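The primary structure of each chain is shown beneath.
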Amino acid sequence: MEAVADLLVTVSAFAVANADRIETLELNPVIVREAGRGVLALDALVVPREATS
């Protein structure tokens, strides 16, 4: 489960650092592998925020 926590921290930090440019960020599905083998996001979607004028 440590790998899941690491994933959440990393994705959250990325989202915060890019909040002005990202509308939506999704990882689905995420496979949690056996201990020591980490996690694997099979699909990711990042929708950019529309530029404001």
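About the thresholds
- Residues numbered from 1 in each chain as written.
- Predicted model: local features only at pLDDT ≥ 70, side-chain atom pairs only at ≥ 80, totals over all residues.
- Heavy atoms only, no water.
- Helix = DSSP H or I, 4+ residues; strand = E, 2+ residues; numbered from the N terminus.
- Buried < 20%, exposed > 50% of the residue type's maximum accessible area, 1.4 Å probe, protein only.
- Polar contact = N/O pair within 3.5 Å; in protein donor to acceptor, adjacent residues only side chain to side chain.
- Salt bridge = Lys/Arg side-chain N within 4 Å of Asp/Glu carboxyl O.

Engineer: Give me the lowdown on the environment of methionine 1, citing residues and values where you can.
Structural biologist: Mapping methionine 1 onto the fold places it in the segment before helix 1 (2-17). The class of methionine 1 is exposed, set by a relative accessible area of 78%.

Engineer: I'd like to hear about the side chain of asparagine 18, residue by residue, with values.
Structural biologist: Among the secondary structure elements, asparagine 18 is positioned in the loop between helix 1 and strand 1 (22-27). A polar side-chain atom of asparagine 18 sits 2.3 Å from a polar atom in the side chain of arginine 21.

Engineer: For the pattern of salt bridges, give the residues involved together with the corresponding values.
Structural biologist: This model, assessed by the stated rule, comprises 2 salt bridges. Its salt-bridge partner being arginine 21, residue aspartate 20 comes within 4.0 Å of it at the nearest N-O pair. You'll find aspartate 20 and arginine 21 in the same group, each marked exposed. For the salt bridge of glutamate 23 with arginine 49, the shortest nitrogen-to-oxygen distance reads 3.2 Å. With glutamate 23 in strand 1 and arginine 49 in the segment after strand 4 (44-48), this residue pair connects regions lying 26 residues apart in the sequence. Since its relative accessible area comes to 39%, arginine 49 is described here as partly exposed.

These results come straight from atomic positions and should not be treated as a statement about function.
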